[in-house]
Amino acid sequence: MTTRRDFLKSSLGTSAVVSIGATAPQFLLQAGAAEAKPTDETILVMVQLSGGNDGLNTVAPFKESAYRKARPTLAVSAGDALKIDDSYGFHPAAKGLSNLLESDRLAIIQGVGYANPNRSHFESMDIWHTCQRKTAVRNDGWLGRFLDNTRQGDALDIPAIHLGREKQPLALSSQDIRVPSVTSLDRFRLKESAGQLRKTVTNIGKSASPGGGLLGFVQTSTGSALSASEQIEAASGRYKTGITYPESGLAQKLKTVAQLIDSGLKTRIYYVTLDGFDTHSRQAAAHEALLRELSGALDAFVRDMDEHGHGDRVLTMSFSEFGRRLQENASEGTDHGAAAPAFLAGNRVKSGLIGKHPSLHDLQDGDVKFHTDFRQLYATVLDQWLGVDSAPILGGKFTRVPALRS
Amino acid sequence: MPQDIASIDPDWAWSPFSPSTEQPWNRRLAAHLCRRAGFGATSKELDELLEREPAELARSLVENAKAASMRDPETDALATAMLATGNSRNLAAWWLYRMLNSSWSGDQATQTSPLLEKLTLFWHGHFGTGAEKVDDAEMMFTQNRLLRRHSLGDFGAMTQEISRDPAMLIYLDSTTNRKAHPNENYAREIMELFCLGEGNYTERDIQELARCFTGWEVRRKKFRFNRYQHDTGTKTILGKTGKFTGEEGVEVVLKQKALPRFIARKLIRFFVFDEPAAPEQLVEPLAKLLRQSGLRIAPVIERILASNIFYSAFAVGRKVRSPVELGIGLLRCLNGSSNLDRVAQHLDEIGQAVFYPPNVKGWDGGRTWINTSTLLGRSNLVGELLRHEATRFDGQTLEALAKKNAVSNPGELIEWLDELLLAVPLDDSAKSELLAFAEQTTGDPSRRIARLIQTLSTVPQFHLA
């Protein structure tokens, strides 16, 4: 907690400026109150690939003999690869990624990692989440610090939502803000005769004189909550999409995220995970299924957001705690590695390969080396997408990656 | 009474409240006392409490709580059963049961007092320890007993014991506190969060204090001192120098001037009002009392619960109900019982899982309890609680409860609930909206009452305590 917390405290003053438009709307309770403006703030959707995604088989260097040699059973062949260019291609199951690239909506940031890579899932994921090594106290995550830094006194809408059954990612831990982990939209529904209840409470609110202090706070919060529940209810009833989402777990989670975004919630961070990338043995079938799930879901989500008019303000980032070893192992799988590609998807990305594919001839303990620190990616997203100063959040300045169009 | 909290006269504030014709001792004030000193009271209990004087009542509540703190729950059959599962989630139901079944009358048969459970909850948040990391129900239970035993006792003794409590040692990584690599986590939190508050120590003090705790370990769920890992050298902490042991290090912290004010401020926020922060002149008399009594908690609590300010407009309705206060309070006021495992899950969903505070700071409380998802969750919780098949009121139904309390129509019901459940009364237009709502609903009388209560629980006033 030492330096970081103090650092954050000292930086709060400067960064409170950034979050425009997050002022609490006074929806229904106070008669004559101005209509809430539709939000146009940017949104970040995190898709975490847990277990260590095999980057070398996601963006395959099919032309390199070193790759084919190191992966006698697993290499993606030039014939099968979905070509990105003459040398690199997606795994054939990653059709969705290929579609995104063709529509100029996918930035592939190559060689992402960090110095002295840790090959423990838990430890490496914690490093990605907190930007801190094990020796430091890690009580909050980079997104949690973003929330702390942009917090408004009486902000009512949920600042971030984690969708899933797993433990809440440390990235979302914050000093001051509690991020709800939800498994479904149910958490935003009034369960019994919502309409009648809402009407009565809204009427009570309309005739009440606005209270000061805590009562006033709960009055506006209640207005906001009833409005959100109505919006979500209406949105999930009204929500229609021409896009067919796959039946997969990730696709359904992203579809829920799409509904929440479309309902008008002012939440700026959504977090979902896809687990199972720890492919130590018989990788081929498992990895194929995972890449199909990932790419199908991402493709559907990005197109859906575009169809609903949110394409320009929704950015999806996908990462894994590490890549996998170049040399496949004796069980037709791969072991824990280091650098790997990360992805940004959305209308406003600079589509294509960004940075070089890591060299297969300059390895560190058998793994390809990183050239882009993951915090550079975070800095890009914080500075250029979320519109805050990344330095206090990341604990320093990091060179941005040219992955977003201004 | 002064208008502005900054200009409040501390003597007036902390003098015993004596009822007058302008401010009579009534059911609303008695309900306020019960909400703050515990988890609410039934209509019948309020009638009984009205027979007594507020100042005498405060004294006897503290005495009852002290007596109850001597009765160790280790002999509790329910606790034993819950512990046998090894799951700290189940312990929550045990604790909620104690809160729900505590008695205002000091009746020994119920084993416990509302004030004692409320204070234990306060200290649980103060010395925040999360079961997720500790991962051992027995250790969490041991810590809970420790907090209950010291709830009204000597803060110094409690802090010494909690510093060696196995759950705390694990939670704040003291178990990796070795001579060569002192872990600063506990040393920091004991000063920042448990005793002094930020600004009353330096980073250097933390490093030096951490050295005192080296060698404090947990073996077989018990505290163990490993002298081979203890740094026996000279340390300088908060201006004092010596070859301090862990206990001596804690003692140095306990002697700091900032401590009584820090604790008094926190007690005011918990028992009197969420906001604004209490002005210094209001904190000082309680800090002085704490100092003079050798850091004993009981006199401070008694002073607070008997005071003018506690019964004033600065306090009544000036807190946000915590999830536990909301869930257990609703059952408690309606003489209800339910499936407390389910209730514990609900409380978790709206932000307060006992034994699982979000971090070492405990629950921030106040406005942080409220957001879109927790407000809707609160309404759903009340609805489900009232309709749950295991829920009983007075052993029966809501209809029977209403009858027993001579409530025979929706208008009377609204008045009755308003006084029983709300710290801030409904205005007339709200009452007429609710009446219209009650008259529209049809069907089984108990179900209609449940609908009305759920609607009431969605009205902003309901969330204030």
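Residues numbered from 1 in each chain as written. Chains lettered and ligands numbered in written order. Predicted model: local features only at pLDDT ≥ 70, side-chain atom pairs only at ≥ 80, totals over all residues. Heavy atoms only, no water.

Of the regular secondary structure elements, chain A holds 12 helices and 14 strands. For chain A, the proportion of its 406 residues judged to be buried stands at 59%. A separation of at least 24 residues holds for 75% of the contacts in chain A among residues at least 6 apart in sequence. As displayed, chain A offers around 15500 Å² of accessible surface, 50% of which is attributable to carbon and sulfur atoms. (Helix = DSSP H or I, 4+ residues; strand = E, 2+ residues; numbered from the N terminus. Buried < 20%, exposed > 50% of the residue type's maximum accessible area, 1.4 Å probe, protein only. Contact = heavy atoms within 4.5 Å. Areas by Shrake-Rupley, 256 points an atom, 1.4 Å probe, with all protein chains shown as cover.)

Further remarks concern helix α6 (residues 142–150) of chain A. Among the 9 residues of α6 of chain A, 9 are classified as buried, and the element is accordingly described as predominantly covered. All of the buried residues in α6 of chain A are W142, L143, G144, R145, F146, L147, D148, N149 and T150 of chain A.

This part takes up the pairing of strand β10 (residues 340–345) of chain A. Residue and element names in this part refer to chain A. Of all 6 residues making up β10, 6 are buried, and the element is well covered by its neighbours. As paired elements, strand β9 (residues 314–320) and β10 share 3 bridges and run antiparallel to each other. Bridge pairing links M317 to L344 in β10. (Pairing = 2+ DSSP bridges.)

Let us look at the side chain of S229 of chain A. By the secondary structure assignment, S229 of chain A is in helix α8 (residues 213–238). Taking relative accessible area as the criterion, S229 of chain A reaches 0% and is therefore assigned buried.

Turning our attention to the sheet that holds strand β3 (residues 82–83) of chain A. What the 3 strands build is an open sheet, ordered β2-β4-β3 (chain A); its pairing is antiparallel. The open sheet terminates on both sides in strands that have one partner only, identified here as β2 (59–60) and β3 of chain A.

Residue and element names in this part refer to chain A. Counting buried positions over the 7 residues of strand β8 (residues 269–275) gives 6, a clear majority of the element. When strand β1 (residues 43–50) meets β8, the two strands line up parallel, connected through 7 bridges. Within the sheet, the bridge partner assigned to S50 lies in β8 and is D275. Bridge count for strand β6 (residues 160–163) against β8 is 3 bridges, and the pairing is parallel.

Residues and elements named next belong to chain B. Throughout the structure, instances matching the rule amount to 52 salt bridges over all chains. For E138, the salt bridge is made with K221, and the minimal N-O distance between the two is 3.3 Å. Taken together, the residues span a long stretch of sequence, with E138 in helix α9 (residues 137–150) and K221 in the loop between β1 (216–219) and β2 (222–225) at a distance of 83 residues. On the basis of relative accessible area, K221 is assigned to the partly exposed category, the value being 35%. A single salt-bridge network, built from bridges that share partners, covers R28, E415, D418 and K431. (Salt bridge = Lys/Arg side-chain N within 4 Å of Asp/Glu carboxyl O.)

On to the domain arrangement of chain B, then. In terms of domain boundaries, chain B breaks down into domain 1 (171–254) and domain 2 (323–463). Inter-centroid distance (C-alpha atoms) of domain 1 of chain B to domain 2 of chain B is 45 Å. (Domains from an automatic or database assignment.)

It is worth spelling out the nonpolar core at this point. Counting residues in hydrophobic clusters, the biggest one holds 223 residues, and the most contacted among them are F90 of chain A together with F155 and L334 of chain B. When residues of this core are assigned to domains, at least three fall in each of domain 1 (171–254) and domain 2 (323–463) of chain B. Apart from residues no more than four positions distant in its own chain, F90 of chain A is found in contact with T58, V59, V76, A81, L82, I84, L97, S98, L101, L106, I108 and F343 of chain A. Ranked by size, the runner-up nonpolar core spans 42 residues in total, among them I109, Y114, Y378 and V388 of chain A. (Core = buried A, V, L, I, M, F, W, Y, C linked by side-chain atoms within 4.5 Å.)

Moving on, we come to unusual backbone geometry. The omega angle of the peptide bond from E275 of chain B to P276 of chain B is -5 degrees, so this bond is cis rather than trans. Secondary-structure assignment places P276 of chain B in the loop between α15 (258–271) and α16 (280–292). Even without being glycine, R282 of chain A reaches a positive phi, approximately 45 degrees. Mapped onto the fold, R282 of chain A is located in the loop between β8 and α10 (283–307). The class of R282 of chain A is exposed, set by a relative accessible area of 67%. Even without a glycine there, the phi angle at D135 of chain B is positive, about 55 degrees. Following the sequence through the fold, D135 of chain B ends up in the loop between α8 (131–134) and α9.

Further remarks concern the interface of chain A and chain B. At the interface, 43 residues of chain A touch 49 residues of chain B. Taking both sides of the interface into account, the surface hidden between chain A and chain B amounts to around 4000 Å²; carbon and sulfur atoms contribute 57%. Counting every contact that joins chain A to chain B gives 1 salt bridge. For E384 of chain B, the salt bridge goes to K191 of chain A, with nearest N and O atoms at 3.3 Å. Viewed at the interface, chain B and chain A are joined by 7 residue pairs in polar contact (both at pLDDT 80 or more). At the level of elements, α1 (2–15), α7 (194–207) and α8 of chain A are the ones that each hand at least two residues to the side of chain A that touches chain B. (Buried area = accessible area lost by both parts, 1.4 Å probe. Polar contact = N/O pair within 3.5 Å; in protein donor to acceptor, adjacent residues only side chain to side chain.)

This paragraph deals with the packing of helix α5 (residues 77–84) of chain B against helix α6 (residues 88–100) of chain B. All names here are of chain B. Viewed as axis vectors pointing N to C, α5 and α6 meet at an angle of 165 degrees, and their least axial separation amounts to 8 Å. Here α6 runs roughly antiparallel to α5, going by the angle between their axes. By crossing handedness, the relation of α5 to α6 is classed as right-handed. Across from L78, A79, M82 and L83 in α5, the residues of α6 making contact are N90, L91, A93, W94 and Y97. (Axes fitted to C-alpha atoms, helices over the stretch in contact; angles between N-to-C directions. Parallel < 35°, antiparallel > 145°, perpendicular 65-115°, else oblique. Left-handed = near helix turned anticlockwise from the far one by under 90°.)

All right, on to the packing of α6 of chain B against helix α18 (residues 323–333) of chain B then. Between two packed helices, the angle of one axis relative to the other and the distance separating the axes together describe the packing. Residue and element names in this part refer to chain B. It is at 10 Å that the axes of α6 and α18 come closest, and there the two elements cross at 50 degrees. By the angle between their axes, α6 is oblique relative to α18. Between α6 and α18 lies a crossing whose hand is right-handed. Along the contact surface, α6 presents L96, M99 and L100, while α18 presents V324, I328, L331 and R332.

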